[in-house]
Amino acid sequence: MILLLALTVLLLASLFAFGANRLPERLKPFVLPLPAAIAFVLLAVAGTSFIKDGAIIELTVPWVPYLNLDFVLRLGGVGLLMGLLITGIGALILLYASSYMHGNPMANRLYAFLYSFMFAMTGLVLADHLLLLFIFWELTSITSYLLIGFKCESESTRKNALQALLITGLGGMALLAGFILLNVASGTWLLSELVASAGSVQSHALYPAIFVLVLLGAFTKSAQFPFHFWLPNAMSAPTPVSAYLHSATMVKAGIYLLAVMLPVLGDTAAWQITLCSFGGITLLIAGVSGLQQTDLKRILAATTLAVLGLLVLLIGIGTTKSILAAMLFLLGHALYKATLFMVAGSVDHETGTRDVNALGGLAKLMPWTAGAALLAACSKMGLPPFFGFIGKEYVYKASTVSGFGELITAVLVVGNALIFALAVKVAFLPFWRPSQCELPKKPHEAPIAMILGPVLLSVLGVIIGFYPALSEPLISAAQDASLGYVYDAHIKLWHGVNLALVLSVVTVSLGVLLVVLDKKIVSFLTAMKLPSMETVYYGLFDATLKLAAWQTRMLQSGLLRNYLLIIILATVLLVASQLWQFGGIEVPVVEDFTNIQVWVISITMIIAVFAALLSKTRLTALISMGVVGYGVAFLFAQYSAPDLAITQILVETLTVALFAWVVLRLPEISVKSRSKHRYFDAIVAISCGLLITVLVLKSMALDISPSISTTLVQWSLVKAHGANVVNVILVDFRALDTFGEITVLAIAAIGVWSLLYRGIRHKKEGDGS
Amino acid sequence: MNSILLTTATRYVGPLLLTLSLILLYRGHNLPGGGFIGGLMAASSVILLAYARGWTETEESLPIDPLLFMASGLALAMLSGLLGILLGGVFMESVWLPFFKVPLLGKVKLGTPLLFDIGVYLTVIGFTVKCALALGTHNESWKS
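This one's a predicted model, so the numbers in the text were calculated from it and none came from an experiment.

Colleague: Got a minute to help me understand the overall build of chain A in this structure?
Modeller: From N to C terminus, chain A includes 32 helices and 2 strands. Whereas a compact globule of 769 residues would reach a radius of gyration of roughly 27 Å, chain A reaches 35 Å, over 25% beyond that. Relative to its 769 residues, chain A shows a buried fraction of 45%. Long-range contacts, defined as pairs at least 24 residues apart, comprise 78% of the intrachain contacts of chain A with a sequence gap of at least 6.

Colleague: Explanation requested: the overall build of chain B in the structure shown.
Modeller: A count of helices and strands for chain B gives 5 helices and 2 strands. Its helices and strands taken in sequence order, chain B reads α-α-α-α-β-β-α from the N to the C terminus. Across its three principal axes, chain B shows a C-alpha extent of roughly 60 × 30 × 20 Å. Taking all 144 residues of chain B together, 44% fall into the buried category. The long-range share in chain B, meaning contacts at least 24 apart out of those at least 6 apart in sequence, stands at 66%.

Colleague: Just checking my understanding: could you explain helix α15 (residues 296-317) of chain A for this structure?
Modeller: Residues and elements named next belong to chain A. The end-to-end C-alpha distance of α15, which contains 22 residues, comes to 32 Å, matching closely the 32 Å that a straight helix rising 1.5 Å per residue would cover. The buried count for α15 comes to 22 of 22 residues, which makes it a mostly enclosed element. In the stretch just after α15, G318 is the one whose phi turns positive, near 70°.

Colleague: It is not clear to me how the interface of chain B and chain A should be interpreted in this structure. Could you clarify?
Modeller: Quite often, the size of an interface is put as the accessible area lost when its parts meet. Facing the 40 residues of chain B at the interface are 39 residues of chain A. Among the elements of the structure, α2 (35-53), α4 (66-86) and α5 (112-143) of chain B are those that each provide at least two residues to the side of chain B that touches chain A. With 19 residues, α5 of chain B is the single largest residue contributor to the side of chain B that touches chain A. Here the residues of the side of chain B that touches chain A are counted per class, giving 21 nonpolar, 15 polar and 4 charged.

Colleague: What is the right way to read the environment of L81 of chain A from this model?
Modeller: As for its placement among the helices and strands, L81 of chain A is situated in helix α4 (residues 77-100). Along the primary structure L81 of chain A and M327 of chain A are separated by 246 residues, whereas in three dimensions their C-alpha atoms are 8.6 Å apart.

Colleague: Looking at this model, I keep getting lost on the nonpolar core. Mind explaining?
Modeller: Nonpolar side chains in soluble globular proteins generally cluster together in the buried interior. In this structure, Y111, L114 and L311 of chain A are the most contacted members of the largest nonpolar core, which totals 207 residues. Broken down by element, the residue count for this core peaks at 19 residues, all from helix α16 (residues 320-351) of chain A. Contacts of Y111 of chain A, omitting those with residues within four sequence positions, involve A17, A20, L32, L94 and A97 of chain A. Judged by nonpolar contacts, the second largest core, of 53 residues, contains Y630 and V726 of chain A together with Y51 and Y121 of chain B.

Colleague: I keep staring at the packing of α4 of chain A against helix α20 (residues 448-466) of chain A and nothing clicks. Help me out?
Modeller: When two helices pack together, their arrangement is given by the angle between their axes and by how far apart the axes lie. Residues and elements named next belong to chain A. For the pair α4 and α20, interaxial distance at closest approach is 7 Å and the crossing angle is 155°. On the basis of the axis angle, α4 is roughly antiparallel to α20. Note on packing geometry: the crossing formed by α4 with α20 is left-handed. Here L92, I93, L95, Y96, S98, S99 and Y100 of α4 lie close against α20, whose contacting residues are A449, M450, L452, G453, L456 and L457.

Colleague: I tried to follow the environment of G79 of chain A on my own but got confused; where do I start?
Modeller: Residue placement: G79 of chain A occurs in helix α4. Taking the C-alpha atoms as reference points, G79 of chain A and S482 of chain A, 403 residues apart in sequence, are found 9.9 Å from one another.

Colleague: Which parts of the structure should I look at to understand the pairing of strand β1 (residues 58-64) of chain A?
Modeller: Sheet faces and side chains relate simply in a regular strand, where the side chains alternate between the two faces. All names here are of chain A. The sheet contact formed by β1 and strand β2 (residues 69-74) spans 6 bridges and is antiparallel. Note that in β2 the partner of T60 across the bridge is V72. Between the antiparallel neighbours β1 and β2 lie 4 residues, among them N68 with a positive phi of about 60°.

Colleague: Looking at this structure, how should I read unusual backbone geometry?
Modeller: Trans peptide bonds make up the majority, and among non-glycine residues the majority have a negative phi. Residue and element names in this part refer to chain A. F225 connects to P226 through a cis peptide bond whose omega is 5°. Take P226: it is sitting in the loop between α10 (207-221) and α11 (230-233). Despite not being glycine, A223 has its phi angle at roughly 50°, a positive value. Mapped onto the elements of the fold, A223 is located in the loop between α10 and α11.

Colleague: Honestly, the confidence of the model for chain B in this entry has me stumped. Any pointers?
Modeller: When pLDDT is low, close inspection of the predicted coordinates is not appropriate. With 95% of its residues at a pLDDT of at least 70, chain B reaches an overall mean of 86. Across the assembled chains, the prediction reports ipTM 0.89 with pTM 0.72.

Colleague: Would you take a moment to explain the packing of helix α1 (residues 4-27) of chain B against α2 of chain B for this structure?
Modeller: Residues and elements named next belong to chain B. Running from N to C, α1 and α2 point in directions that differ by 170°, and their axes come no closer than 8 Å. When the interaxial angle is binned, α1 and α2 end up roughly antiparallel. Only G35, I37, G38, M41, A42, S44, S45, L48, L49, Y51 and A52 of α2 make contact with α1, whose side of the interface consists of L6, T7, T10, V13, G14, L17, L18, L20, S21, L22, L24 and L25. Along the lines of polarity and charge, the residues of the contact of α1 with α2 split into 15 nonpolar, 8 polar and no charged.

Colleague: When you look at the environment of K337 of chain A in this model, what are you seeing that I'm missing?
Modeller: All names here are of chain A. The residue K337 is located in helix α16 in this model. When the 26 C-beta atoms within 10 Å are taken as the criterion, K337 is described as buried. Leaving out residues up to four positions away in the same chain, K337 has contacts with S247, L300 and T304.

Rules and cut-offs
- Residues numbered from 1 in each chain as written.
- Chains lettered and ligands numbered in written order.
- Predicted model: local features only at pLDDT ≥ 70, side-chain atom pairs only at ≥ 80, totals over all residues.
- Helix = DSSP H or I, 4+ residues; strand = E, 2+ residues; numbered from the N terminus.
- Rg over C-alpha atoms; globule rule 2.2 N^0.38 Å.
- Buried ≥ 20, exposed ≤ 12 C-beta atoms within 10 Å, placed from the backbone.
- Contact = placed C-beta atoms within 7 Å.
- Expected span 1.5 Å × (residues − 1).
- Nonpolar A, V, L, I, M, F, W, Y, C, P; charged D, E, K, R; others polar.
- Core = buried A, V, L, I, M, F, W, Y, C linked by C-beta atoms within 7 Å.
- Axes fitted to C-alpha atoms, helices over the stretch in contact; angles between N-to-C directions.
- Parallel < 35°, antiparallel > 145°, perpendicular 65-115°, else oblique.
- Left-handed = near helix turned anticlockwise from the far one by under 90°.
- Pairing = 2+ DSSP bridges.
- pLDDT = per-residue confidence, 0-100.

So, in structure tokens, the structure goes:
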């Protein structure tokens with residue numbers, strides 16, 4: 001219940017936030033973060049009883065029973081860690097945003113989108129039902145699209161938002177498919193029950209497909225290579241959004257998924273190799289590309305990518321130590337990265353630029369911001385006694401004992417050194433080196449609401465660095481959940497001089513080297529002109545558009561002849577293929593050839609058809625077709641279907657009358673099409689006629705299920721008080737069908753009318769000019 | 001088309017067709033007929049009028065837009081379905097008034113199926129007349 005309450009608070013907040021512009025400016029910093037804070041407290045309360053007493057906190061509400069979709073929430077270890085980060089950092093972000101967005105008339109939208117995103121994200125980490133998880137997963141994609149595209153007046157922003165949506169959305173589709181297969185393989189929809197059937201899932205024939213699909217979902221969301229390019233582009237979002245989505249939350253959704261899927265899908269060679277290699281590649285690529293960036297936010301995005309790669313790698317290793325390291329790193333990263341993003345936003349806000357080369361000497365002007373940045377940067381660089389240091393120590397401890405120890409360790413050392421260098425670049429140089437040049441704005445300290453968040457988070461990083469035991473219950477619970485079994489972890493800051501510490505020293509020295517050589521490396525990299533995955537994306541994007549344009553040109557040619565051809569050919573082919581499957585074209589022999597009237601009518605109709613084909617004027621052709629129509633009506637009458645016969649006669653009369661009106665105004669028939677086309681048309685027409693004939697004959701022979709017509713005839717007068725069974729079926733037995741049909745009729749009339757009416761208007765405009 | 005014969009005949013045949021269409025509509029439940037056939041017949045009376053007097057003139061002389069016919073027809077059909085729910089059944093369940101006898105007509109059965117059929121009748125009239133008028137006036141304006 002408490003989980004539902006937390007979600008409800010967030011959902012309501014997202015609705016009420018639309019009215020935020022009416023709040024007095026003074027109240028905003030107090031009111032706006034409140035719902036997030038409430039949700040945080042609720043989750044913390046739930047978490048305490050979860051960790052302390054091992055209580056199972058869950059809620060099941062039937063939702064769509066015939067789709068097996070229930071609303072199932074369940075608090076798990078990883079979910080708790082994520083949930084606390086989402087709501088806790090979320091509250092601080094809103095506090096920050098309340099000041100950052102000061103005076104922006106669209107601010108209320110941002111708050112509302114932030115809250116709806118928070119709702120989706122919290123739902124995602126609490127959902128126990130796979131489909132529910134998927135729904136929240138897609139909701140985060142959609143809400144993040146709105147958030148990234150917030151400055152929608154800029155074209156590049158719209159492009160970037162769409163890119164993020166397309167990539168994460170496509171990944172989401174893959175994930176849905178993966179979940180469905182997972183259900184097929186395991187027989188359950190619940191995450192909490194999946195762990196038990198891990199063995200049967202992994203030995204199932206569908207395992208490779210599930211594996212690939214779920215990973216696709218996670219990799220796109222967490223921006224792993226080769227989908228990594230959307231994340232730096234998403235930096236066109238307002239800074240509070242970047243700080244929120246791209247530090248603690250959205251991009252971590254993929255990590256969350258991998259962490260909870262580890263006990264189900266993990267521990268296979270495929271899992272280890274795939275995750276380690278893709279994670280490692282992402283880590284290195286991101287770190288290197290980060291060096292080339294000069295925009296504060298883009299550098300931060302690069303380090304986020306690097307950390308995401310690192311986390312994927314750690315989950316790939318999948319040992320107790322690596323998972324412990326991953327959870328520590330997850331927490332540490334969320335704390336310092338949110339801080340740094342907010343700092344970057346403050347710098348941008350106060351100086352008017354985010355160009356790292358232009359910034360300098362801000363420490364004196366923005367002391368509080370500089371302090372928070374320093375603490376966060378030290379944590380990020382992995383210096384003791386900050387929390388980041390612990391994370392890094394455990395990373396090395398995990399890697400040195402894993403399968404491909406040396407290689408992975410080397411990747412990690414280089415990756416961490418790159419992160420170190422980027423941290424110096426983004427959080428150290430702008431504040432502590434002498435000022436570089438004239439800035440667009442005269443900088444001064446950011447308002448209190450924009451300082452509080454960074455300071456709080458960075459100080460928290462120091463506190464749990466000194467007292468890592470504080471984070472132990474939370475980290476341990478998350479670790480257990482991700483491992484699938486209980487493991488007693490003890491987190492310490494200082495382990496004495498050991499291999500991990502030596503590696504840390506190597507990392508720091510390498511990082512310092514990178515900082516010193518920064519200029520040279522950048523010019524070298526720029527000269528190399530590395531290929532980018534983004535060109536592939538835009539290539540595919542343009543190709544899709546071209547394909548769409550091509551097929552639209554093909555199908556929507558604007559020529560009536562083509563439309564008719566496509567419709568008739570498609571019908572013939574589709575029906576014929578079905579007919580073939582239902583026993584070919586064998587039809588029962590019709591024996592009744594004795595009815596002379598039928599003979600007369602049929603022969604008349606055949607003559608009329610040829611008359612229509614061969615006639616030289618349109619009117620003759622039309623009248624001949626009318627004869628065919630009346631012939632059909634007589635046949636109906638012959639076989640005692642008076643209603644059909646009357647309808648047919650009326651329709652035929654009206655059609656001929658209307659056509660005559662139109663035809664009289666058309667020019668005389670002249671042969672314009674080539675004979676090749678005409679022969680082709682003839683073949684299509686004949687095959688269509690043959691098909692219908694076969695179909696009709698066939699339908700008499702097929703007896704798929706007991707016929708209901710006798711029952712309907714019996715019921716007609718007794719139950720529906722009508723002797724005309726055709727009419728009773730239309731207006732009573734199958735009235736709903738008829739209702740649908742007349743609705744279609746009305747829509748068709750509107751279509752015809754608007755088409756022709758437009759024609760008239762064009763004509764009149766043409767006359768006027 | 002200025003045919004005195006046609007114009008004069010229309011004056012008598014038109015109302016006749018309309019009356020016939022109503023009869024067909026009413027008797028449809030027991031004998032060949034019904035809303036669809038009745039609607040087509042009623043529409044043909046309008047089209048006959050158009051042939052005699054011209055499309056644009058006919059359109060202008062119509063008291064109500066045929067689209068309104070369609071709308072009210074759909075609404076009636078929907079209403080007849082909803083009555084089933086209102087009177088304790090399911091959507092589209094038929095509900096009948098007590099039958100009574102009227103001289104000339106015999107036993108009169110009034111119920112939601114008839115209401116529904118009237119809805120069909122109106123929709124078909126609306127559809128046919130609207131399309132015919134659109135086509136006809138369109139062509140007239142091209143000619144001019």
